[in-house]
Each structure stands twice: as structure tokens, then as C-alpha cells.
Amino acid sequence: MCLATRRVANWFGNVNAVLTIDSSIVRAIVAHARRDHPDEACGVVAGPIGSDVPTRHIPMDNAARSMTFYEFDSMEHLRVWREMDDNDEEPVVIYHSHTATEAYPSRTDVSFAGEPGAHYLLVSTREPDSEEIRSFRIVDGVVTEEEVNIVDATVKS
Amino acid sequence: MAIEVRVPTILRSYTGGAKVVEGAGDSLSALIDDLDARHSGIKGRLITAEGGLHRFVNIYVNDEDVRFLGALDAKLNDGDSITILPAVAGGALGFAAAAALLGR
């Protein structure tokens, strides 16, 4: 199924159909998702505007505190978005976890997706000892899966 | 009355790409009508067919979420700064249930 989805991504001709992300950030996202399991976890990875490089991990509160829904707290959302503005950053990655289902955008995820420039990273924590990590572009209701390229060089930790 | 409005990426197709636009009005609903007169169609992305604020966006007056200021009735003053952000929400839950949970 994974392979089939990738073929669809190529079919749409997304020239930049890859998310390149540092392994230390992926580890931090997975740790956040595990910590909040069985509730869904959510957050952002900011990066310099136009760089497409996620460099600053910002775990966010799930204001819904739910096993099947997440929502940024509206005041934390404003504060973090202002902070990114001040730093000339943008939300390169917006992530959340699914705790009992696969790491694929639900209809709800697609309906709410309001950052066409962001990579939507999903982590599934339904298996206790392994995580499924997948990334998508969601633009005008169209979901395009992309590869996740985990590297060791983009961030000094 | 000049009020600064910060427009998110997803709505900049209505503002010719502008990140910040000006509007006028003594309440949020008057401001949105004024914005729609200048940037046709933007109102439909902020307000539902039933006339309430759309669940997909957060609107702030200065540093306050308008839902705590009377929503569309929120009073505005010259020099206020409005920020519009698309809500970041989702999850495995079905869409209808999610919308009901949000209650907006």
C-alpha cells in the first residue's frame, strides 16, 4: 500500500516530494508521541523561510487532550506563530500522532489542513515497540505522500 | 478607521499575495464586510453560510482570541491589529464528530 501511494505522488509530479529531516528531531517527535500516548500528540518544526529545512522542534499542547483528536491551543498557536515571524521562520513540518490507526491523514486531517506550504508528518504509535512515520503534502484537499529522508547533519544537538 | 489585518498564506490568493492588508469597521463583522469589499470572496472563508465564524480559522484582536471577545460582535478600534491563522487541528476522529466536539 505504501508503494502504491508513492506511485500516486509521482503521478502528481511533485518535484520536491521528499521531507529531509534530522534524526534528532525525529527522535524528539517520537518521544513526544510516546509520552502523550494514548492521547494524540502534536507540534511544529520551524525552519528558515524558504529553506524547506526543519530546524527547531516545538512540541505543542493538544488542547483537545483526546485519543482521536488534536487541536493547538489558540493562544499558544498565536505565540508560536509570532515567534516564528520574528525569527524569519515558517512551519516547515506540522506533526501529530495517531495512536490506534495508521499514519495516514484522516478526512478530518485533510479538512483542517490550512498550511499548504507545510509537510504534514504523521506518527502512528499503535504498535508498542515500533513507529510508523509518514509525511504528506495536503493542498486544497489533495493528499500527496512524500518520502521521509532522515539524516544526521542538518541540526547541531 | 485603519485596522491592520495579518493574512495567512492560505488566504493570500484573495489579497493579491499581500501578508498584511488594511481594513475598517467598529466590530469584527463590519471589518470582515469591509475586507470582502476590498478582497472579494474572503468573507466566505471566514464566516459560514449560517453566519458564524468558521471553525477552520482562528481570529485574534491584538493578543486575544475573538471567541473570548464576543466573536463577530467583538468591538474594534483604530490601530487594532487583527491576526488570522488557520486552526491547526485534526486526528483520527471522524470529521462530523470533530466538528461537533469543537462546537463551532
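Keep in mind the model is a prediction, meaning the values are calculated, not measured.

Draft legend 1. Quick peek at the overall build of chain A. In terms of regular secondary structure, chain A is built from 4 helices and 8 strands. Scanning chain A from its N terminus toward the C terminus, one meets helices and strands in the order α-β-α-β-β-β-α-β-α-β-β-β. Buried residues in chain A amount to 43% of all 157 residues. Intrachain contacts of chain A at a sequence separation of at least 6 include 65% that bridge at least 24 residues.

Draft legend 2. Focus on the pairing of strand E3 (residues 57–61) of chain B. Residues and elements named next belong to chain B. Of all 5 residues in E3, 4 are buried; the element is thus mostly enclosed. In the sheet, E3 pairs with strand E5 (residues 81–86) via 5 bridges, with the strands oriented antiparallel. Paired with Asn58 across the two strands is Leu85, which belongs to E5. The pairing of E3 with strand E4 (residues 64–65) spans 2 bridges and is antiparallel. Each bridged residue has a counterpart across the sheet, and for Val61 the counterpart in E4 is Glu64. The turn joining E3 and E4, which pair antiparallel and follow one another in sequence, is formed by 2 residues; a positive phi near 55 degrees is taken by Asn62.

Draft legend 3. How the structure looks around the interface of chain B and chain A. The interface is formed by 20 residues belonging to chain B together with 27 residues belonging to chain A. For the side of chain B that touches chain A, the class distribution of residues is 13 nonpolar, 6 polar and 1 charged. Of the pairings in the sheet, the one linking strand E4 (residues 70–71) of chain A to strand E6 (residues 89–90) of chain B comprises 2 bridges and is antiparallel in character. Bridged to Tyr70(A) within E6(B) is Gly90(B).

Draft legend 4. Seen up close, unusual backbone geometry. Here the bond from His37(A) into Pro38(A) is cis, since omega is 10 degrees, no more than 30 degrees from zero. Relative to the helices and strands, Pro38(A) resides in the loop between helix H2 (23–36) and strand E2 (42–48). At Asn62(B), a residue that is not glycine, the phi angle is positive and equals roughly 55 degrees. Following the sequence through the fold, Asn62(B) ends up in the loop between E3 and E4.

Draft legend 5. The sheet that holds E5(B), seen in detail. The sheet built from 5 strands is open, its strands ordered E2-E1-E5-E3-E4 (chain B) with mixed pairing. The two strands at the open ends of the sheet, each matched to only one other strand, are strand E2 (20–23) and E4 of chain B. Packed on one face of the sheet, helix H3 (residues 74–86) of chain A meets E3, E4 and E5 of chain B and runs near 105 degrees to E5(B). On top of the sheet, helix H1 (residues 28–38) of chain B reaches strand E1 (3–6), E2, E3 and E5 of chain B; it is set at about 110 degrees to E2(B), its chief contact.

Draft legend 6. Region of interest: the pairing of strand E7 (residues 132–139) of chain A. All names here are of chain A. Taken across its 8 residues, E7 has 6 buried, putting it largely inside the fold. With 5 bridges connecting them, strand E6 (residues 119–124) and E7 associate as antiparallel partners. Counterpart to Leu122 in the pairing with E7 is Arg134. For E7 and strand E8 (residues 142–151), the ladder comprises 5 bridges, and the chain directions are antiparallel. Bridge pairing in E8 links Ser135 to Glu146. Hairpin connection from E7 to E8: 2 residues lie between these consecutive antiparallel strands, with Asp140 at a positive phi of about 50 degrees.

Conventions adopted
- Residues numbered from 1 in each chain as written.
- Chains lettered and ligands numbered in written order.
- Predicted model: local features only at pLDDT ≥ 70, side-chain atom pairs only at ≥ 80, totals over all residues.
- Helix = DSSP H or I, 4+ residues; strand = E, 2+ residues; numbered from the N terminus.
- Buried ≥ 20, exposed ≤ 12 C-beta atoms within 10 Å, placed from the backbone.
- Contact = placed C-beta atoms within 7 Å.
- Pairing = 2+ DSSP bridges.
- Nonpolar A, V, L, I, M, F, W, Y, C, P; charged D, E, K, R; others polar.
- Axes fitted to C-alpha atoms, helices over the stretch in contact; angles between N-to-C directions.

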